[in-house]
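Survey of secondary and tertiary structure
In case you want the letters, here they are:
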Amino acid sequence: MVKRILIGFVLTIIVIQFIQPARNSTGQVVPQSFIDTFLPNDTVLNLLSNSCFDCHSNNTKYPWYTNVQPIGWLMANHINDGKKELNFNELAALSTRRRNSKFKSISQQIEQAKMPLKSYLFIHRNAALNEADKKLLINFFQSKINNN
Amino acid sequence: MKLLFIGVAAASAILFSACNSNADKTTDHSAMQHEMDTMKDMPMNSGSTSNNATTSKFTEVFAHYQHLTFALANDDSKEAANGAKSMGEAIAKVDKSGFTADQQKSYADLEADMKEHTEHITGNANNIEHQREHLETLSKDMYDLTKTFGIGKPMYKIFCPMYNNDKGAYWLAETKEVKNPYFGQKMLTCGEVQEELK
């Protein structure tokens, strides 16, 4: 009985490996429209690349274990949710009002250390933002809020 | 609300009986007479309905916004989530038929933003501080909505200078009474009327 369950389990694991979720990648490594419109300097752009773009842009840098299911599925879900809230590839196309809302939320999420997510940081140690990084990013986004 | 409903029912009964004499048997005459008298007292009523169509489109949105601010003033995040949910539904139902092209554009922008904020408030029934953060931006949307479209009745913009590390934030209210949704019971009466909107 135990043997059967074990075999069933292993078979399931093998079968699900063939169900790969679609990759989040457009070939464009950085969201160009964002860069052109909001002109982040290199330091800011690096921080965003390291800590934000994986879940909030159209291009994710996938680790090898994305190919292992169900990890890949969980990741795909995560990225979908992340992009729904904020997608750096689409920010430039938003109205001033919508941009302001996003920039305000981004600043608050960073300030309160709610983003990047703890679960993401657990794997991506280099994505952690120190106090200076946070300040830099918050100042950047605050400076982009248009009060007119 | 109940009165309004009875009023509407009576009014439709009148209309119905006017077109169909057989309905006389089933119509309550005293109620009908009363309704007719009321209508005589307000000769502008039927005429102004269409003129006010733009302003009254947002009555429901504002009522739920008010519900939301009151709930936050009471530190009740569950109730705030309910208010925001209803507000989101009301926003989606706003009749855009009479809008000019410019108004459609303005409203689409406001609608998208308000939708986002109401969704976040709805989804954070256990995080009142986060709800309040979204109320701040939502209130700005409401202010702009009132400025752009008018809301059909006087409204007050009330400012609390202490919220958000003394950067301050405002909300809108029907009366001048200060019930601070940002601090709740901790500082319920912090705030001053900054502007009267019409």
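A quick note: this is a predicted structure, and the numbers were derived from the prediction, not measured. Going along each chain's sequence as written, the residues are numbered from 1 onward. Labels follow written order: the first chain is A, the first ligand is 1, and so on. Totals for whole chains, interfaces and linings use every residue, but because this is a predicted model, local features are given only for residues with pLDDT of at least 70 and side-chain atom pairs only at 80 or more, for both listing and counting.

Some words on the overall build of chain B
For the purposes of this entry, the term helix denotes a DSSP run of H or I that reaches at least four residues, the term strand denotes a run of E that reaches at least two, and both are numbered from the N terminus. When you go through chain B residue by residue, the secondary structure sums to nine helices and three strands. Taken from N to C terminus, the helices and strands of chain B fall in the order α-α-α-α-α-α-α-α-β-α-β-β. Looking at chain B as a whole, 31% of its 198 residues are labelled buried. Any residue with 12 or fewer other C-beta atoms within 10 Å of its own C-beta is exposed, any with 20 or more is buried, and the rest are partly exposed; the C-beta atoms used are placed from the backbone.

Observations regarding helix 5 (residues 59-73) of chain B
Residues and elements named next belong to chain B. With 15 residues, helix 5 should reach 21 Å at 1.5 Å per residue; the first-to-last C-alpha distance of 21 Å fits that figure. Every buried residue belonging to helix 5 is among V61, F62, H64, Y65, L68, T69, A71, L72 and A73, and all of these are buried. Against helix 6 (77-93), helix 7 (101-123), helix 8 (128-149) and strand 2 (169-173) lie the buried residues of helix 5. The span you would expect from a helix comes to 1.5 Å times its residue count less one. Any pair of residues counts as being in contact when their C-beta atoms, constructed from backbone geometry, are within 7 Å of one another.

Describing the interface of chain B and chain A
Between chain B and chain A, the contact holds six residues from the first and six residues from the second. Listing elements by their share of the side of chain B that touches chain A, those giving two or more residues are helix 7 and helix 8 of chain B. It is helix 7 of chain B that contributes the most residues to the side of chain B that touches chain A, four residues altogether.

With respect to the sheet that holds strand 1 (residues 155-160) of chain B
Residues and elements named next belong to chain B. One bridge is not enough; two strands pair if DSSP finds at least two bridges between them. In spatial order, the strands read 2-1-3; together these three strands make up an open sheet with antiparallel pairing. Among the strands making up the open sheet, the edge pair consists of strand 2 and strand 3 (192-197). Averaged over all adjacent pairs, the angle separating strand axes in this sheet is 25°, with direction ignored. Two strands pair when backbone bridges link them, and strand 1 and strand 3 are joined in this way by five bridges, in the antiparallel orientation. Residue pairing across strands places M155 opposite L197, the latter belonging to strand 3. Relative to strand 2, helix 8 is tilted by about 55°, and along the sheet it contacts strand 1, strand 2 and strand 3. Convention adopted: a line fitted to C-alpha atoms gives each axis, helices being fitted over their contacting stretch, and angles between N-to-C directions are expressed from 0 to 180 degrees.

Quick look at the nonpolar core
Here is a general trend for soluble globular proteins: nonpolar side chains tend to be buried in one another's company. All names here are of chain B. By definition, a nonpolar core groups buried Ala, Val, Leu, Ile, Met, Phe, Trp, Tyr and Cys residues that are joined through C-beta atoms within 7 Å. Grouped together as the largest cluster of nonpolar side chains are 35 residues, with contacts concentrated most on V61, L68, L72, A80 and M87. Elements represented by at least two residues in this core include exactly helix 5, helix 6, helix 7, helix 8, strand 1 and strand 2. For this core, the element with the most residues is helix 5, which contributes seven residues. In contact with A80, not counting residues within four places along its chain, are L68, A71, L72, I121 and Q131.

Notes on the packing of helix 5 of chain B against helix 6 of chain B
All names here are of chain B. As a packed pair, helix 5 and helix 6 sit with axes 8 Å apart at the nearest point and diverge in direction by 165°. Taken together, helix 5 and helix 6 sit at an angle that is classed as roughly antiparallel. The interaxial crossing formed by helix 5 with helix 6 has left-handed handedness. Mapping the contact onto sequence places E60, V61, H64, Y65, H67, L68, A71 and L72 in helix 5 and E79, A80, G83, A84, S86, M87, A90 and I91 in helix 6. If an angle is under 35 degrees, it is roughly parallel; if it is over 145, roughly antiparallel; if it lies from 65 to 115, roughly perpendicular; otherwise it is oblique. Left-handed describes a crossing whose near helix is turned anticlockwise from the far helix by less than a right angle; the clockwise case is right-handed.

What to know about unusual backbone geometry
All names here are of chain A. Following Q69, the chain continues into P70 via a peptide bond in cis, with omega recorded as 10°. Inspection of the secondary structure assignment puts P70 in the loop between helix 4 (53-56) and helix 5 (71-85). That bond from M115 to P116 is cis: its omega, -10°, falls within 30 degrees of zero. Residues other than glycine seldom take positive phi values, yet L39 does so here, at roughly 45°.

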